[in-house]
Amino acid sequence: MSIANQRSFILEGNIGAGKSTFLSLIEKELPVQVVYEPHRKWQDVGPGENLLDLFYKDTKRWAYTFQSYAFITRVIEQQEKAKHNPYSVQVLERSVYSDRYCFAKNCFEMGTLSSLEWKLYRDWFEWLVSSYAARPAGFIYLRTDPEICYQRLSKRSRVEEGGVPLEYLSSLHEKHEAWPIKKEGIAHYLEDTPVLVLDCNLEFEANKEQMRNHINAIQAFI
């Protein structure tokens, strides 16, 4: 399938919302190419270099480095996968937009990105998105209460996420509600991008009826 003829839909949601689990189920049920977050690139930048772990352990030192590398690797991953996509649709796990409007913005407001770093990040972002990132056909937002996300993080026990506090998840939740739902401060070309909101507070992996309802909603949305 030609890259120019492909449409991309982006699955957004807080840490612990269930995105990876959700995508694995979508991959089995729908004729789409699923593109996961490039976690391995973040965890293995070089011999013994885990940038994701460094970010969580010393956010102020590594926030700018990680956020910059995150959005670059997202674009690379999406483009490389698109070259070998047998379908007309991609579904991406998160995007450069949540990087910008949620995670990087949150770092700036927390003080772990300086004013200068925030300015540099936004300059890089505008250039990269305008030059290389495909415009999304729609966003699929897995709306999940931060308390539920916190419980799920505790269960899955990823090493890098061991110290993620509830306050951080609550702040990220507010950012997710602000940009795709309320359209606050986003680029004009995203204002009319449709958004499908799915309530994911309930566990859906083992609930066949719940999962079927979500899949049907996504199928109709796409």
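Now for a description of the structure that goes with this document. (Residues numbered from 1 in each chain as written. Predicted model: local features only at pLDDT ≥ 70, side-chain atom pairs only at ≥ 80, totals over all residues. Heavy atoms only, no water.)

What follows covers the state of the cysteines. Every disulfide links exactly two cysteines, by a covalent bond between their sulfur atoms. Evaluated as defined, the whole model comprises zero disulfides. Counting only cysteine sulfurs, Cys-102 is the nearest neighbor of Cys-107, a cysteine outside any disulfide, at a range of 9.6 Å. A disulfide-free cysteine, Cys-149 has its sulfur positioned 9.5 Å from the sulfur of Cys-200, the nearest such atom. (Disulfide = S-S within 2.5 Å.)

This structure, assessed with the given rule, holds two cavities of 30 Å³ or more. Taken as a whole, the largest cavity encloses approximately 190 Å³ of empty space. Along the wall of the largest cavity there are 18 residues; nearest its centre are Arg-74, Gln-78, Leu-92, Ser-95 and Val-96. Where the lining of the largest cavity is concerned, the elements lending two or more residues are strand S1 (7-12), helix H4 (59-82), strand S3 (89-93) and helix H5 (96-110). The dominant element in the lining of the largest cavity, judged by the number of residues it contributes, is H4, at four residues. (1 Å grid on protein atoms, 1.4 Å probe; cavity = no way out; pocket = protein on both sides within 12 Å on 5 of 7 lines; lining within 4 Å. Points joined across faces, edges and corners; volume = space filled by probe spheres on them. Helix = DSSP H or I, 4+ residues; strand = E, 2+ residues; numbered from the N terminus.)

Within an α-helix, residues lying three or four positions from one another point in the same direction, as the helix has 3.6 residues per turn. Listed in full, the buried residues belonging to helix H1 (residues 19-29) are Lys-19, Phe-22, Leu-23, Leu-25 and Ile-26. One side of H1 holds all its buried residues, which, seen down the axis, span an arc of 165°. Structurally, H1 contributes buried residues whose contacts are with S1, strand S2 (33-35), S3, strand S4 (138-143), strand S5 (195-199) and helix H9 (208-221). (Buried < 20%, exposed > 50% of the residue type's maximum accessible area, 1.4 Å probe, protein only. Arc of directions from axis to C-beta. Contact = heavy atoms within 4.5 Å.)

Moving on, we come to the nonpolar core. Ranked by internal contacts, the top residues of the largest apolar core, which has 60 residues, are Phe-22, Ile-26 and Tyr-97. The leading source of residues in this core is H5, at seven residues. If near-sequence neighbours (up to four positions away) are discounted, Ile-26 is found in contact with Val-32, Val-34, Ile-215 and Ile-218. (Core = buried A, V, L, I, M, F, W, Y, C linked by side-chain atoms within 4.5 Å.)

Turning next to the sheet that holds S1. Spatially, S2-S3-S1-S4-S5 is the arrangement adopted by the five strands of the open sheet, whose pairing is parallel. Two strands lie at the open edges of the sheet, namely S2 and S5, each paired on one side alone. Sheet twist, expressed as the average angle between the axes of neighbouring strands with direction ignored, equals 20°. Docked against the sheet, H9 engages S1, S4 and S5, running at close to 180° with respect to S5. (Pairing = 2+ DSSP bridges. Axes fitted to C-alpha atoms, helices over the stretch in contact; angles between N-to-C directions.)

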